[in-house]
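Structural overview for review
Read off the chains here:
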Amino acid sequence: MKPMRVSGREVESLAREVRAAAQRDQRLSEVVRRIIAEVRARGDRALVEMAREFDGVEMDEDGLISGRREMEEAAGKVDAMLLRSLRRLSARIRRLEAKRLRGLAFRLRYPEGTVIESVWRPIGSVGCYAPGGRAPYVSTVLMLGVPAAVAGVGRKVLATPPPKGEEAREAVLAAAWVAGFDEVLWSGGAQAIAALAYGTERVRPVEKVLGPGNRYVAEAKRQVQADVAVDMVAGPTELVVLFDGRSEISLVVEDMMAQAEHGPGTIVMAVTAEERAAEELVSTLSSALRSLPEGSAVRQNLSRDWTVVLVDDWDEAVRLVDAVAPEHLSIASNDLKHLAKRVRNAGAITVGKGVPSVLLDYFAGASHVLPTGGWARTRGGLTVLDYVKLVHVVRAGPTVRSRVSREVGVLAEVEGLTHHRRALGP
């Protein structure tokens with residue numbers, strides 16, 4: 001392994017190469033299309049058969065859904081420290097999202113007497129997908145459920161792959177209890193997204209589907225969004241690290257390895273403008289990777305030509321970040337903290353020496369459900385805003401119409417809307 005040197009126009013070329021690693025696969029699209037059609041045609045039976053085929057879990061149709069009572073029972077069985085950690089993270093998420101929600105409501109009065117109120121209304125029902133499979137992602141359950149509860153969503157369904165062990169099952173149920181979910185659907189992958197979007201015998205369809213997942217989940221969300229609202233494409237993990245000679249290189253490597261263990265399709269890149277720092281990171285990372293099995297996900301995801309990139313200066317580093325538009329950006333040096341103000345395209349940013357992206361994932365309270373696939377160019381991470389609708393209430397006194405009829409009438413006439421003009425009166 002050695003640093004990849006890029007400069008000038010090569011920055012954009014590299015960004016395109018990185019993005020190509022996450023491009024859509026036509027064969028995957030066809031597989032997902034067939035899965036969705038199967039769920040729509042055969043409902044619960046299809047979900048049970050796919051749990052056996054894809055997850056290696058035997059279950060019957062009655063076991064597809066768990067309710068609040070089962071969640072509460074599980075919360076009483078899990079390790080007390082786990083339950084305490086779930087509640088503390090939930091409280092931090094709730095505090096942040098409640099403050100964000102309060103800022104949405106305001107009242108504005110114009111001089112002529114028109115009053116506009118900005119109010120919000122919760123979505124009626126949501127289906128939230130939390131990855132599973134190898135392990136229960138209980139933190140993601142909270143990231144999805146707590147903002148929905150803060151918003152006051154009427155019906156909240158969690159979908160997640162059926163776990164193989166009882167301990168993992170109880171952990172997910174306990175997290176769902178703390179987060180405020182009403183139901184848990186034990187189904188994963190594209191089939192879960194189809195069930196949430198279109199419903200089955202035991203699953204009522206929802207109005208919006210949210211949450212991260214693998215390539216199959218991301219593709220399923222793309223395909224169902226013609227019929228149901230979705231939050232964003234939140235697929236395999238992405239991390240770009242900006243580092244220099246003052247960064248703690250061993251911690252940078254650990255953070256990179258932490259994100260790389262998410263599995264296939266993960267993008268992890270470290271960028272610097274200092275050659276000595278680049279060489280030190282390559283050496284430390286190469287040593288760490290040699291201790292891992294040849295076929296491990298971490299080793300594969302961190303063995304690309306562009307894993308460590310050396311640019312001419314920090315301006316080019318910022319250009320590269322913006323062109324890649326990563327899910328996570330870690331600025332791993334106190335001397336580089338000013339770059340956070342210059343970056344436009346990143347789902348979330350952690351700043352400071354010894355402040356890994358994992359701190360955001362598990363503790364800070366800011367969501368780790370973040371846009372991938374370049375979607376960070378147009379939106380940030382999931383928040384309570386994804387669970388509400390903004391509505392304007394317009395009030396006006398009896399004299400407003402006559403006072404503004406001439407001014408507004410000109411606009412209506414230009415647009416050729418005669419009755420609009422007449423509605424304003426003389």
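First, a word on scope: everything that follows refers to the structure included in this document. For every chain, the first residue of the written sequence is number 1, and numbering continues from 1 along that sequence. Since the coordinates come from a predicted model, pLDDT governs what is reported: local features require at least 70, and pairs of side-chain atoms require 80 or more to be given and counted, while whole-chain, interface and lining totals use all residues. To obtain the side-chain values, all non-hydrogen atoms of the structure were used and water was disregarded.

**Regarding the side chain of Arg299**
The following threshold applies: Under the scheme used here, helices are H or I runs from DSSP no shorter than 4 residues and strands are E runs no shorter than 2 residues, and both carry numbers assigned from the N terminus. Whenever a nitrogen or oxygen atom comes within 3.5 Å of another N or O atom, the pair is scored as a polar contact, on the condition that within protein one atom can donate a hydrogen and the other can accept it, and that pairs from neighbouring residues in sequence are kept only if both atoms are in side chains. Any two residues having at least one pair of non-hydrogen atoms within 4.5 Å are treated as being in contact.
Within the fold, Arg299 resides in helix 12 (residues 297-301). At 2.8 Å, the side chain of Arg299 and the backbone oxygen of Leu292 are in polar contact. Leaving out residues up to four positions away in the same chain, Arg299 has contacts with Leu289, Arg290, Leu292, Pro293 and Glu294.

**Here's the deal with the packing of helix 5 (residues 80-102) against helix 7 (residues 166-179)**
Packed helices, taken two at a time, are described by the angle their axes make and the gap between the axes. Put simply, the test is: Helix axes are fitted to C-alpha atoms over the stretch in contact, other axes to C-alpha atoms as well, and angles between N-to-C directions run from 0 to 180 degrees. Left-handed describes a crossing in which the near helix is turned anticlockwise from the far one by less than a right angle; the clockwise case is right-handed. Residue type decides the class: Asp, Glu, Lys and Arg count as charged, Ala, Val, Leu, Ile, Met, Phe, Trp, Tyr, Cys and Pro as nonpolar, and the leftover types, Gly among them, as polar.
For the pair helix 5 and helix 7, the least separation of the axes is 10 Å and the interaxial angle reads 35°. The two elements helix 5 and helix 7 cross, and the hand of that crossing is right-handed. Taken together, the residues of helix 7 that come into contact with helix 5 (itself represented by Leu82, Leu83, Leu86, Arg87 and Ser90) are Ala171, Ala174, Ala175 and Val178. Taken together, the residues of the contact of helix 5 with helix 7 sort by class into seven nonpolar, one polar and one charged.

**Concerning a positive patch on the surface**
To keep things clear, this is the line we draw: Surface patches are defined over residues having more than 30% relative accessible area and no salt bridge, joining like charges when they lie within 9 Å and nonpolar side chains (Val, Leu, Ile, Met, Phe, Trp, Tyr) when within 5 Å. The protein chains shown are the only cover counted for residues, whose accessible areas, like all others here, come from Shrake-Rupley with a 1.4 Å probe. Should a side-chain nitrogen of Lys or Arg be within 4 Å of a carboxyl oxygen of Asp or Glu, the pair is scored as a salt bridge. Under the convention used here, Asp and Glu are negative, Lys and Arg are positive, and both His and the chain ends fall outside the count. Note on charges: their place is set at NZ of Lys, CZ of Arg, CG of Asp or CD of Glu. The classification of residues rests on relative accessible area computed with a 1.4 Å probe and restricted to protein chains. Under 20% of the type maximum is buried, over 50% is exposed, and intermediate values are partly exposed.
On the surface, Arg84, Arg88, Arg92, Arg95, Lys99 and Arg102 cluster together into a patch of positive charge. Locating Arg95 in the fold gives a position in helix 5. Its relative accessible area of 70% is what places Arg95 among the exposed residues.

**Notes on the pairing of strand 10 (residues 238-242)**
What counts, and what does not: At least two DSSP bridges between two strands are required for those strands to pair.
When you tally the buried positions in strand 10, you get five out of five residues, the bulk of the element. The side-chain alternation of strand 10 yields two buried faces, one formed by Glu238, Val240 and Leu242 and the other by Leu239 and Val241. The pairing of strand 10 with strand 11 (residues 267-272) spans five bridges and is classified as parallel. Counted as the bridge partner of Leu242 is Val271 from strand 11. Of the pairings in the sheet, the one linking strand 10 to strand 13 (residues 328-331) comprises four bridges and is parallel in character.

**Quick notes on the pattern of salt bridges**
One pass over the structure, following the stated rule, counts 27 salt bridges. A salt bridge links Arg19 to Glu238; its shortest N-O distance comes to 3.0 Å. Placement of the pair is Arg19 in helix 1 (residues 10-20) and Glu238 in strand 10, with a sequence separation of 219 residues. Glu238 shares its class with Arg19; the two are buried.

**Brief notes about the nonpolar core**
Rules: By convention a nonpolar core is built from buried Ala, Val, Leu, Ile, Met, Phe, Trp, Tyr and Cys residues, the set being connected through side-chain atoms within 4.5 Å.
If you look at the biggest cluster of nonpolar residues, it comprises 76 residues, and the most contacted ones within it are Phe181, Leu185 and Tyr387. At nine residues, helix 6 (residues 138-151) tops the list of elements feeding residues into this core. Excluding residues within four positions of it along the chain, Phe181 makes contact with Arg68, Met71, Cys128, Val141, Leu144, Gly145, Lys156, Val157, Leu158 and Ala176. One finds Trp306, Val318, Val324 and Leu329 within the second-largest nonpolar core, a separate group that totals 27 residues.

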